[in-house]
Each structure stands twice: as structure tokens, then as C-alpha cells.
Amino acid sequence: MPDRPLKIGITCYPSVGGSGILASELGEELAKRGHEIHFISYEAPFRLPVGPRVFFHPVAVNSYDLFKYPDYTLPLSVKMAEVSRGHGLDVLHVHYAVPHATAAILARAMLREERRLRIITTLHGTDTTLLGRDPGYGPAIRHALEHSDAITTVSEFMRGETVRLLGVQRPIEVIPNFFEPHATARCRDEIRRELGLADGEAMLLHLSNLRPLKRTDLLLDTVAKLKPRLPFRLVVLAGADPAPLLAAAKRLGVADRLIVREKVTDIECYLAAADLGLFTSEVESFCLSILELMCAGCPSAAFAVGGIPEVTVSGETGLLAPFGDTTALADGIETLLRDPVRRTALGRAAQQRAREKFSAAAIVPRYEALYRRVGGI
Ligand code: GMT
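What you are looking at is a predicted structure, and each value in this text was computed from that prediction instead of being measured.

Section: the site of the ligand
Then, number 1: If you check the shell around the ligand, you find 17 residues, and the closest are Gly18, Ser19, His124, Thr126 and Glu284.
Then, number 2: Within the backbone of Gly18, one N or O atom sits 2.6 Å away from an oxygen atom of the ligand.
Then, number 3: Thr126 places a main-chain nitrogen or oxygen 2.5 Å from an oxygen atom of the ligand.
Then, number 4: Expressed as a share of its isolated accessible area of 480 Å², the protein-covered part of the ligand is 93%.
Then, number 5: Counted by class, the shell around the ligand contains seven nonpolar, eight polar and two charged residues.
Then, number 6: Each of domain 1 (7–180 + 360–375) and domain 2 (188–357) gives at least three residues to the shell around the ligand.

Focus on the packing of aromatic side chains
Then, number 1: Using the criterion set out here, one finds six aromatic pairs in the structure.
Then, number 2: Measuring from centroid to centroid gives 5.4 Å for Tyr42 and Tyr72, while their planes differ by 80°, and the two rings are edge-to-face. Residue Tyr42 is located in the loop between strand 2 (36–41) and strand 3 (54–58), and its partner Tyr72 is located in the loop between strand 3 and helix 2 (73–87); the two are separated by 30 residues in the primary sequence.
Then, number 3: Looking at Tyr42, the relative accessible area reads 32%, which means it is partly exposed.

Rules used in this analysis
- Residues numbered from 1 in each chain as written.
- Predicted model: local features only at pLDDT ≥ 70, side-chain atom pairs only at ≥ 80, totals over all residues.
- Heavy atoms only, no water.
- Near = heavy atom within 4 Å.
- Polar contact = N/O pair within 3.5 Å; in protein donor to acceptor, adjacent residues only side chain to side chain.
- Areas by Shrake-Rupley, 256 points an atom, 1.4 Å probe, with all protein chains shown as cover.
- Nonpolar A, V, L, I, M, F, W, Y, C, P; charged D, E, K, R; others polar.
- Domains from an automatic or database assignment.
- Phe/Tyr/Trp six-rings, centres within 6.5 Å; stacked < 30°, edge-to-face > 60°.
- Helix = DSSP H or I, 4+ residues; strand = E, 2+ residues; numbered from the N terminus.
- Buried < 20%, exposed > 50% of the residue type's maximum accessible area, 1.4 Å probe, protein only.

Structure, rendered in C-alpha cells:
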């Protein structure tokens, strides 16, 4: 008898951010495979899939005069319990522990014996590396992880940090992120024209929410160290206010090298137009953006921090330098910009690695197997 389709609740942050993007893509792929997906969040996720078997349940957050800070955890837990009861969820998969895992544990307690809701928590990054160190959050995160039915992390690095920082003793399964590029509506040349790139001008691409740990100071420092004669521009797809970045670029005298775009949704077009990704984060549990570029056949230059070396292999599919060494990063970039044949070879190998290790076909069945195992289905 074939396996029956599952009813899966997914909670994530709906804003621009790797964990929300991954959760949305996962929902889309699971729905394509016949499962019923219920997103539960305060807003529809940024890349909410449309199509049959995908539902969105908004969480209303009211403000009350007595509260200085509005509370999200309680209404989220009530909605989780309501959706689980109303739709008979088999599992609730929460992405990013705070406050999603805690709300899920509370929802399960509210359901009591009516329905044993299975909870899977996927740790994505700063839920462990930043909040896990915070004495105001650490014990609550540990509690939620200890009471989840399964814990996954997106890299071996994250698994190690979760054990080290939170002392979690239970098994943690590493299920890496995946990316499945959508068909590109606009072609490489069209985007390059729209950006005003000259023929032969290389396009470096950086995509992020520009938070402090992305270390845009080092990003600009790297750009400033590239030889002035090199024809290149750095395109930044900003997921947050780019004003501080633009001001810093002006101070460093590299503003003319920078092109910034905000609120870009058709990122595949930009991925296809790029010649090299550039990332200078001080920590990344995975770095989904590097994978997105790999899928488009584009290598990236980055610091070898966190889970990045698990995603791209220096000298084979990209270029990695020790953290903070902007001179080494700039030297490596210069070599690659001067050698398009080598750059193309790295890009091809990157695409191949992405297909083999980080495609929906490679990763989604691992989540399906986990849901069935945890739910005894
Ligand atoms: O942990 C965060 O900082 C937020 C999170 C997000 O929602 O963007 O980012 C993390 O999750 C991504 C998807 O798994 C990873 O690709 C990012 O590397 C990771 N960010 C950090 O670890 C800083």
C-alpha cells in the first residue's frame, strides 16, 4: 500500500531571511509531492508557494495597554493548537527555535490527549549561535529542544554549536538546506543592461539582510582592496535599509563600484547575471545565498566560517579565505576575475555539487522520512 499523504504544519519567520525562504520552499516541494501544508505565522511567508494543498493561517497579534511589548508566543501557540485540532496535523515543523519551538510545546500541552502533536524543530543559525548564549533565552531554547520529538540542524557546524552552547544531549539530525531554482523570466543580458553594466564588466553579487554579523565593513574593505583597473561592480540585493552601507561606501571611496537594489523578488535573474558571489559574514550556519548562486552555476568568494565549508569547497566550487583576511579574499577574487575559464569551471562544479547534495530531490525525502518516523506513520 502506498504511503498516505501527510498533513504538515510549518511555522517560520515570514520576512526576508534564509530560514523563512527554506521553510517556504520546503512547503512548496512537500505540496508538490501530495502532502497538505499549513503555514502558521503572523504574515504570509515572503515566498509563500501558491497552489493546491497549501494553506496559510494568520496569527493575530493584538496590543494591550498593559503590555509594554506585544506578545506573539501565546497567540501563536493557540493558533498552532487550533490548526492541529481542526486539520488533524500529523506533524508541526518549526523553523528557527525562538519563539516557534516554545509555542509548539505549549500548543501540544493545550491539546493534551486529544491529539498527540509531533513537533520537529529545525535550528537555522542565530537561534543557537546568538540566542543560545543569552541567559534570558538559553534555558527556554534548551527546554523546547528537549521536548521536541526531533531536532534537525542545517549543518554539522550547527549541530556542534547546539551541543556546545546548549548542552543538548538528544540526537540531532543534520539535514542540509536545499534550493530549487525557479525558471528565470528575464535573461542575464537583460538584467546586466538594467543594472548598467558595461560589456566585459564583471558582476560581483552579495545578497543579505545586512545585519551586523554579515560584516559589510569587510565586504567594502575587500572591494576597496581590488585593483582600481579591474572592471567590476558589486551588486547588493539588500533585505534591509541600505543607507548605512551606501554611506560607508562613500567614506571609503568605493561608492561608484556599488549598485544596490531593494525588495527584489525575482532573484533567479540576478543569480543568472552574476559572475561571482561575495560574502564576508563572521558566522553562517550554512549560507543559503552561496547555494542559490551555486545552483545558477556561479561560484562565491567567502570567509571559511561556520557551515560555509560544508556548502562550498575552496578551490573546487568556490574560494574561501580565513576569516577577516580581506587581502587574501581580494587576491583570490582578482585571480578569478582575470581568468573567466577557471571561473566557469568552478561554477560548473558548484552547480554539479548543488544538484547532487543540495537539491529538493536529495533533501526533501529526508524530511518526509523524518515526519513518518516521528509520527509512526
Ligand atoms: O539565524 C539567523 O540569523 C537567521 C536565519 C534566517 O532566517 O535568515 O539565518 C540562518 O538560516 C539560513 C537558512 O538555514 C542559513 O543559510 C544562514 O546561514 C543562517 N544565518 C546565520 O547563521 C547567521
